[in-house]
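# Observations on the three-dimensional arrangement
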Amino acid sequence: MSMPGESPNARTNPLGQHPHLPRALRTASIIFMVVAAVAPLGAASVVLPTIFAASENPVSPLYIVGAGVILCLFAVGFTQMGRNVRDAGAFYTYIQAGLGRLAGAAAATLALASYVALLVAIYAYFGFFAAVLLEGYAGVSAPWWILSLMSIALVGALGYRDVDLSAKVLGGLLVLEILVIVTVDVAIIARGGASGLSAAPLDVSQAFDGAPGLGLMFAFFAFVGFEATAVFRSEAFDPDRTIPRATYGAILLIVLLHGVTSWAQAVGVGTDEVVGEATANTAGFMLSLSHTYVGQAFQHVFQVLLLTSMIACLLSFHNVVTRYQFNLAHGGLLPDRLGRVNPKHHAPSNSSTVVTAVCVAVLGSLAVLGLDPVAEIYTWLSGAGTLGVIILMALTSLAVVVYFRRRGDRGPVWKVVIAPVLSLAGLSCVAYLAINNLPLLLGGRSVGVVVCAAITACLVVGAVVSAIRRSTDRPAVVPARSDSTPPASTGRNDSSSQRRRSAD
């Protein structure tokens, strides 16, 4: 079904681009979009101290580098797959191409549920933190859920418009986040830390002391969000170049930022005391360092920018979920209306509106149930969403190997076999660690059982829907198009795409 003014072959564009979605996003813009989802300031304040506490080891930078290596290996197969399967569905189209239609539909459902869970979790945390700041600075007491709903309205308004506006907003907020982090890092280094600068946090011989598995697992959590680069393929300036560059660029930026910051945190507190301090004061760890090394006034700036960091993270995840729904609609798993493009804003505005409505409904229901915004909503949903993303990454690595093996040698063995196999091994280990430590992550064994059951249910529902849809006249998932399939001519756009390659 086509909307007025929509090309009748919109669903068969060989580059996975809807004709009404402008290719406006360059490499830097996509990096801003996905790194904002990682929330660098939030990660520095919560995740990095947790790595110290959970691993019982001061060598947090090594775990971050280790996670970065695994994800770089993942990116090798991930980006190679993108050059052959030219759709913007990322996880689900890649998994479908390698493991079949049922697996692809199952992955689609899990991906959508995982990102929605992460989105709602962060909305809940934002409402709580905003309420604390509002009472502390203005003396006004407001229910956390009202502030959460206000943030949903703001993010929904931005997400309704074209993605270039979101990229500009995210770029500005991300620059502010990085400036705050770098300011604290530089202040610690300039003042020599607690007892002098030390290479002890980089000592490889200590990497296996304490609980290294937990250290690696939490380090991996600091990267969740980077993998969404492929979702923006339809709006990338030159997808075959822009997406790979953005993927590797995002990983390297996160490794550099988190690695240097975790080292600075260790020397700022003292390598002998950092584990104890991070365990006793996880939430206030980075805030205390900013107060000690930069000053009380900067501490206030830090708190406000931590709030804007969450807004940036929410907007980024909102855009990701919006585009997942948009692509699922084009694949037949969701109603056609969600696959339409707003002719004024050149954006999937219908899909964005549904994301906003779903977040309001889910968050409102959880608030009515009286659940705590941090101890329950944020903890449960962020843990479930992160585990879902890890499982999807592992399945994608497996799909890469199977896809290229079935079709013979379609590329360098490093890209189509070695790197994907290594990433599959690493991601499987991280998934095992996450599942094995669900009680720790979610605060209870019963909650862990429910999360595992929910993830299984998502996979089953997706597969069942796909099986039912197979009897209809349209596919349940967008057919994966490979480079072996000659693309239909797109006329002037094909030649203009070639001219763009040298400009990105």
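Below: a short report on this structure. Owing to the predicted nature of the structure, the values given are computational and were not obtained by experimental measurement.

### Re the packing of aromatic side chains
The full count for this structure, using the stated rule, is 12 aromatic pairs. On the basis of an interplanar angle of 40 degrees and a centroid distance of 6.2 Å, the ring pair of Phe52 and Phe285 is categorised as tilted. Pair noted here: Phe52 is in helix α2 (residues 40-55) and Phe285 is in helix α11 (residues 285-293), with a separation of 233 residues, a long-range link. Each member of the pair, Phe52 together with Phe285, is buried. One aromatic cluster is present, built from ring pairs that chain together Phe74, Phe78, Phe91, Tyr94 and Phe226.

### Quick look at the side chain of Ser349
Here Ser349 lies in helix α13 (residues 349-368). In terms of polar contacts, Ser349 uses its side chain to reach the backbone carbonyl oxygen of Tyr160, at 2.7 Å. Residues within four places of Ser349 in sequence aside, it is in contact with Tyr160, Arg340 and Asn342.

### Observations concerning the environment of Gln206
Locating Gln206 in the fold gives a position in the loop between α7 (163-190) and α8 (212-221). Using a relative accessible area of 25% as the deciding quantity, one classes Gln206 as partly exposed. Spatially, the C-alpha atom of Gln206 lies 7.8 Å from that of Asn57, the residues being 149 residues apart in sequence. The residues contacting Gln206, other than those within four sequence positions of it, are Asn57, Pro58, Val59 and Ala200.

### Overview of the nonpolar core
Core analysis: the biggest nonpolar cluster contains 152 residues, and Tyr115, Phe223, Phe226, Tyr324 and Met393 have the highest contact counts within it. Here this core gets 20 residues from one element, more than from any other, and that element is helix α5 (residues 101-138). Excluding anything up to four places from it in sequence, Tyr115 contacts Phe91, Glu227, Phe317, Val320, Val321, Tyr324 and Val389.

### As for helix α9 (residues 239-269)
Taking 1.5 Å per residue, 31 residues should reach 45 Å; α9 reaches 44 Å between its end C-alpha atoms and fits that length. Taking burial as the measure, the 31 residues of α9 include 23 buried ones, the bulk of the element. Remark: Gly270 follows α9 within two positions and exhibits a positive phi of approximately 115 degrees.

### Looking at a nonpolar patch on the surface
A contiguous nonpolar patch, built from Val413, Trp414, Val417, Ile418, Val421 and Leu422 and spanning about 490 Å² of accessible area, is present on the exposed surface. Within the element layout of this structure, Leu422 appears in helix α15 (residues 413-436). Classification of Leu422 as partly exposed rests on a relative accessible area of 44%.

Rules used in this analysis
- Throughout, residues of each chain are indexed from 1 in the direction in which the sequence is written.
- Predicted model: local features are reported for residues with pLDDT of at least 70 only, side-chain atom pairs are reported and counted for 80 or more only, and whole-chain, interface and lining totals are derived from all residues.
- To obtain the side-chain values, all non-hydrogen atoms of the structure were included, while hydrogens and water were left out.
- Pairing of aromatic rings covers Phe, Tyr and Trp, the last through its six-membered ring, and needs centres within 6.5 Å; plane angles under 30 degrees mean stacked, over 60 mean edge-to-face, and all others mean tilted.
- Runs of H or I in DSSP of at least four residues are treated as helices and runs of E of at least two as strands, each being numbered from the N terminus.
- Exposure is judged per residue with a 1.4 Å probe applied to protein chains only, and the accessible area is read against the type maximum: over 50% gives exposed, under 20% gives buried, and values in between give partly exposed.
- Residues adjacent in sequence count toward polar contacts only when both atoms are side-chain atoms; beyond that, a polar contact is any pair of N or O atoms within 3.5 Å, and within protein one must be able to donate a hydrogen and the other to accept it.
- Any two residues whose heavy atoms approach within 4.5 Å are treated as being in contact.
- Nonpolar cores were defined as sets of buried Ala, Val, Leu, Ile, Met, Phe, Trp, Tyr and Cys residues, with membership established by side-chain atoms within 4.5 Å.
- Helix span is expected to be 1.5 Å times the residue number reduced by one.
- What makes a patch is a set of residues exposed beyond 30% relative accessible area and free of salt bridges, joined within 9 Å when like-charged and within 5 Å when nonpolar (Val, Leu, Ile, Met, Phe, Trp, Tyr).
- Note on areas: Shrake-Rupley with a 1.4 Å probe; residue coverage comes only from the protein chains shown.
- The term salt bridge refers to a side-chain nitrogen of Lys or Arg lying within 4 Å of a carboxyl oxygen of Asp or Glu.

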